[in-house]
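The chain contents come next:
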Amino acid sequence: MVGKGFFTDLLDNTNTLRGKVFALLIQFLIIVSLVTFSIDTLPNLSENLKWILYLVEIITVVIFSFEYILRCLVAKKKLKFIFSFYGLIDLLAILPFYLSTGYDLRSIRIFRLLRLVRILKLFKYNQAIKRFHRALVIAKEELILFGFVAAIMLYLSAVGIYYCESDAQPEQFSSVFHSLWWSVTTLTTVGYGDMYPVTVGGKIFTFFILTIGLGIVAVPTGLLASALSEARKQDFED
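Since the model is a prediction, treat every value here as computed from it, not as a measurement. Along each chain, numbering runs from 1 in the same order as the chain's sequence is written. Where local features are concerned, this predicted model is filtered to residues with pLDDT of at least 70; where side-chain atom pairs are given and counted, the filter is 80 or more; whole-chain, interface and lining totals use all residues. As a convention, hydrogens and water are excluded, and side-chain values are obtained from all of the structure's heavy atoms.

Caption draft 1: Layout of the overall build of the chain. Secondary structure elements follow DSSP: runs of H or I no shorter than four residues count as helices, runs of E no shorter than two count as strands, and numbering proceeds from the N terminus. Along the backbone of the chain there are ten helices and zero strands. Beginning at the N terminus, the succession of helices and strands in the chain can be written as α-α-α-α-α-α-α-α-α-α. Contacts were defined at the residue level, with two residues in contact if any of their heavy atoms lie within 4.5 Å. Here the contacts in the chain between residues at least 6 apart in sequence split such that 63% fall between residues at least 24 apart. Using the Shrake-Rupley algorithm and a 1.4 Å probe, accessible areas are obtained, with residue cover drawn only from the displayed protein chains. Accessible surface for the chain amounts to roughly 15,400 Å². Of this, 71% is attributable to carbon and sulfur atoms.

Printed below as a string of C-alpha cells:
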C-alpha cells in the first residue's frame, strides 16, 4: 500500500528516480502552460485552437491541483507551507481557474521554475542567490533610506511641475496626482514623451529633475554592487 513516505519522496526527494522524473514533469507542464497562455493572447485564433488550449489548461490545472493538495497533506508544518513563497505561488496559479475571477495568473507559474535550481543541483547558482540575499541584508538600511528620499523627490517634483505647467497644459497636468506620472518617467530618465513641459519655467525645472534622476538611477546600483562585493568577500573568508 502506498504510504505518506512514498508521496514525500515523490514530491521532495529529487535524489530518487521517481522524484526527479516527477519534478521535471511538473517543470515541463509549467513551461507548456506558459506557452499556451502566451498563444492564447494572440488575436484571431480559431475556435478549434482555443478549444485545444482550454483542454491543455484543464489538464495542467488538474495536475497542479493534485500536486498542491499532496504537498499540503505531506507537509510537516502545513500552514508554513501554505503561506510560504512556493505555496502561495502554487495556490495563486490555480485558484483563479476555479473561482472564475477574470484575473489570469498563469504567468506567475514561471516562478515555480526556480525549483530547477534544487532539482538539477545547480549549487553554484544557489550560492549566487544566497550572496544576493546577503547583499540585500548588508545594504538594507541604505536602500530603505534611499527609498524614502526617492519618494520625497517624486512628490516634490510632481508638485513643482504642476505649478510650472498646470496653467499652460491643464489637461496633462491637471493635478499633483496626474503629475506624478511625469515625475516617475523623468526621475528614472525613461522619458516616454507623453507628458513634457512647454513653458520656460517647466523646461528649466525639468533640467534639474533630470540631473537628479541620474543620481536616482545610479545610487541603488552602486549600493548593490558594493554590497555584492562585500558578500563575495565574506564567502572567501568563510
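Caption draft 2: Representation of the packing of helix α2 (residues 17-40) against helix α3 (residues 47-74) in the model. For every element, the axis is a line fit to its C-alpha atoms; helices are fit only across the contacting stretch, and the angle between N-to-C directions ranges from 0 to 180 degrees. Between α2 and α3, the shortest axis-to-axis distance is 10 Å and the interhelical angle comes to 145°. The way α2 lies across α3 gives a crossing that is left-handed. Contact residues: Phe22, Ile26, Leu29, Ile30, Val32, Ser33, Thr36, Ile39 and Asp40 in α2; Leu49, Leu53, Val56, Thr60, Ile63, Phe64 and Glu67 in α3. Lys, Arg, Asp and Glu make up the charged group, whereas Ala, Val, Leu, Ile, Met, Phe, Trp, Tyr, Cys and Pro make up the nonpolar group; the residues left over, Gly among them, are polar. Looking at side-chain class alone, the contact of α2 with α3 contains eleven nonpolar, three polar and two charged residues. Handedness of each helix crossing follows the sense of rotation of the near helix against the far helix: counterclockwise by less than a right angle gives left-handed, clockwise gives right-handed.

Caption draft 3: Here's a closer look at unusual backbone geometry. Here asparagine 44, not a glycine, exhibits a phi torsion of approximately 60°, which is positive. Inspection of the secondary structure puts asparagine 44 in the loop between α2 and α3.

Caption draft 4: Just the environment of isoleucine 31, in detail. Tracing the chain through its elements places isoleucine 31 in helix α2. Using a relative accessible area of 44% as the deciding quantity, one classes isoleucine 31 as partly exposed. In this structure the C-alpha to C-alpha distance between isoleucine 31 and serine 107, which are 76 residues apart in sequence, comes to 10.0 Å. Each residue's exposure class comes from its accessible area (1.4 Å probe, protein chains only) as a fraction of the maximum for that residue type: buried when under 20%, exposed when over 50%, partly exposed otherwise.

Caption draft 5: Representation of the nonpolar core within the structure. Core analysis: the largest hydrophobic core is formed by 14 residues, its most contacted members being Phe22, Ile26, Ile30, Phe64, Tyr68 and Phe81. Counting only elements with at least two residues in this core, the list comes to α1 (4-12), α2 and α3. When residues of this core are assigned to their parent elements, the largest contribution, five residues, is made by α2. Excluding anything up to four places from it in sequence, phenylalanine 64 contacts Ile26, Leu29, Ile30, Ser33, Ile94, Arg109 and Arg112. Core analysis: the second largest hydrophobic core is formed by nine residues, Ala150, Trp182, Leu187 and Ile216 among them. In these notes, a set of buried Ala, Val, Leu, Ile, Met, Phe, Trp, Tyr and Cys residues joined through side-chain atoms within 4.5 Å is what counts as a nonpolar core.

Caption draft 6: Local environment of the packing of aromatic side chains. Pairing of aromatic rings covers Phe, Tyr and Trp, the last through its six-membered ring, and needs centres within 6.5 Å; plane angles under 30 degrees mean stacked, over 60 mean edge-to-face, and all others mean tilted. On inspection of all chains with the given rule, the structure shows four aromatic pairs. Geometrically, the ring pair formed by tyrosine 68 and phenylalanine 81 is tilted, given 6.1 Å between the ring centres and 40° between the ring planes. With a gap of 13 residues between them, tyrosine 68 in helix α3 and phenylalanine 81 in helix α4 (residues 78-82) connect regions that are remote in the sequence. Note on phenylalanine 81: relative accessible area 14%, which makes it buried. Taken together, a centroid distance of 6.2 Å and an interplanar angle of 25° make the contact between tryptophan 182 and phenylalanine 205 stacked. Remark: phenylalanine 205 occurs in helix α10 (residues 200-237) and tryptophan 182 occurs in helix α9 (residues 176-187); sequence separation between them is 23 residues. The class of tryptophan 182 is buried, set by a relative accessible area of 2%.

Caption draft 7: Spotlight on the environment of phenylalanine 97. Mapped onto the fold, phenylalanine 97 is located in helix α5 (residues 85-99). Using a relative accessible area of 30% as the deciding quantity, one classes phenylalanine 97 as partly exposed. Residues phenylalanine 97 and valine 61, 36 residues apart in the sequence, show an inter-C-alpha distance of 7.9 Å. For phenylalanine 97, the contacting residues outside a window of four places in its chain are Tyr54, Glu57, Ile58 and Val61.

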